[in-house]
Amino acid sequence: MNIFRRVEQKYLITKEQHDALLEALGDRLVKDQYFYNDMYNLYLDTPNHDLIIQSMESPLYKEKIRVRSYGLAENNDSKVYLEIKKKFDGTSNKRRISMTLGDFWKYLEKGTKPKDANPRTLAEMDWAFQKYHLIPSILVNYERYSYYLRGNKDLRITFDHNVRYRTHKLDLTNGDDMHHVIDKNSYIMEIKSLDSLPLDLSRLLAKLKIYPRPFSKPKYAYIKSIEREKQHV
């Protein structure tokens, strides 16, 4: 599937909360088919970082464009996914196009359209690239662990750990020289569903004092990068 629509809720949790939640859910929590991924996301933005700055203002509607690699890309023949994600009032819509890393650079730099792309998704990409004059902005990497609730594959829970970033060497073939976005012992938990959370799960989260918190990885990585620049002035 290259088109997704779902309700997403994020939580910033400690290792202790993570461990307690996994223990409480027990065998209700089932490892996803693609349980573990080392994810690299190259976010695209305007030269003035307009998309990230707009996200910092917590608008009702926002969008982001990124190219994602599952694990480091080995070369220009490696598969990546160019994605456009739009969020309105807590509901997200994501469209993506599968292509090689080399085809992505050709599309970005020369406008060469990837083959076999969904025409509607490609039209949305073309519009975004033309409107924003997109360039590589920030690279974010994290380890993701994915689960679903037994009997409800539409309710997925992911834990992102070891979240890192860099604002130089903006490619998907190098994972070195990166800085942490959050504490190493913290996790970004995300619950993705087609509807509201089951009541028992909501009660369990409240019992463990796990509360929703907006958290955008590129936004906080951008804030960290600004803080680092100020320290080196």
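Structure: above.
Residues numbered from 1 in each chain as written. Predicted model: local features only at pLDDT ≥ 70, side-chain atom pairs only at ≥ 80, totals over all residues. Heavy atoms only, no water.

(A) Quick peek at the overall build of the chain. Helix and strand content of the chain: six helices and nine strands. For the chain, whose C-alpha radius of gyration is 18 Å, the value lies close to the compact-globule estimate of 17 Å for 233 residues. Overall, the C-alpha framework of the chain stretches about 50 × 45 × 35 Å when taken along its three principal axes. Burial statistics for the chain: of 233 residues in total, 49% are counted as buried. Contacts spanning at least 24 positions in sequence make up 70% of the contacts within the chain whose residues lie at least 6 apart. Of the roughly 12,500 Å² that the chain leaves accessible, carbon and sulfur atoms contribute 49%. Mean positive and mean negative side-chain charge positions of the chain (41 and 32 charges, respectively) differ by 3 Å. (Helix = DSSP H or I, 4+ residues; strand = E, 2+ residues; numbered from the N terminus. Rg over C-alpha atoms; globule rule 2.2 N^0.38 Å. Buried < 20%, exposed > 50% of the residue type's maximum accessible area, 1.4 Å probe, protein only. Contact = heavy atoms within 4.5 Å. Areas by Shrake-Rupley, 256 points an atom, 1.4 Å probe, with all protein chains shown as cover. Lys, Arg positive; Asp, Glu negative; His and termini not counted. Charge placed at Lys NZ, Arg CZ, Asp CG, Glu CD.)

(B) Representation of the side chain of Arg-68. Secondary-structure assignment places Arg-68 in strand 3 (residues 61–70). The side chain of Arg-68 is buried and forms no salt bridge, while Glu-83, the nearest opposite charge, is found at 4.2 Å. In this structure the side chain of Arg-68 is engaged in a polar contact, spanning 2.7 Å, whose partner is the side chain of Asn-41. For Arg-68, the contacting residues outside a window of four places in its chain are Met-39, Tyr-40, Asn-41, Val-80, Tyr-81, Glu-83, Lys-94, Tyr-142 and Arg-144. (Salt bridge = Lys/Arg side-chain N within 4 Å of Asp/Glu carboxyl O. Polar contact = N/O pair within 3.5 Å; in protein donor to acceptor, adjacent residues only side chain to side chain.)

(C) Local environment of a nonpolar patch on the surface. On the surface, Leu-60, Tyr-61 and Phe-88 cluster together into a nonpolar patch covering about 310 Å² of accessible area. Here Leu-60 shows up in the loop between helix 2 (50–56) and strand 3. (Patch = residues over 30% accessible without salt bridge, like charges linked within 9 Å, V, L, I, M, F, W, Y side chains within 5 Å.)

(D) Representation of the packing of aromatic side chains within the structure. Across all of its chains, the model carries nine aromatic pairs by this definition. Between Phe-35 and Tyr-147 the ring centres are 5.2 Å apart and the planes differ by 75 degrees, which places this aromatic pair in the edge-to-face class. With a gap of 112 residues between them, Phe-35 in strand 2 (residues 29–45) and Tyr-147 in strand 6 (residues 135–149) connect regions that are remote in the sequence. Of the two residues, Phe-35 and Tyr-147, neither departs from the other in class, the shared state being buried. On the basis of an interplanar angle of 5 degrees and a centroid distance of 4.3 Å, the ring pair of Phe-215 and Tyr-220 is categorised as stacked. Under the relative-accessibility criterion, Phe-215 is labelled buried at 5%. Following the ring pairs from residue to residue traces out a cluster consisting of Phe-35, Tyr-36, Tyr-145, Tyr-147, Phe-159 and Tyr-187. The positively charged end of Lys-31 is found above the aromatic ring belonging to Phe-35, 4.7 Å away from the centroid. (Phe/Tyr/Trp six-rings, centres within 6.5 Å; stacked < 30°, edge-to-face > 60°. Lys NZ or Arg CZ within 6 Å of the ring centre and 35° of its normal.)

(E) Looking closely at the pairing of strand 6. Burial analysis of strand 6 places 12 of its 15 residues in the buried class, which makes it a mostly covered element. Here strand 2 runs beside strand 6; their pairing, made up of 13 bridges, is antiparallel. Looking at the pairing, Met-39 lines up with Tyr-142 of strand 6. Taken together, the 10 bridges between strand 6 and strand 7 (residues 152–166) define a ladder with antiparallel strand orientation. Note that in strand 7 the partner of Tyr-145 across the bridge is Phe-159. Between strand 6 and strand 7, which pair antiparallel and follow one another directly, the connecting turn spans two residues, one of which, Gly-151, has a positive phi of 85 degrees. (Pairing = 2+ DSSP bridges.)

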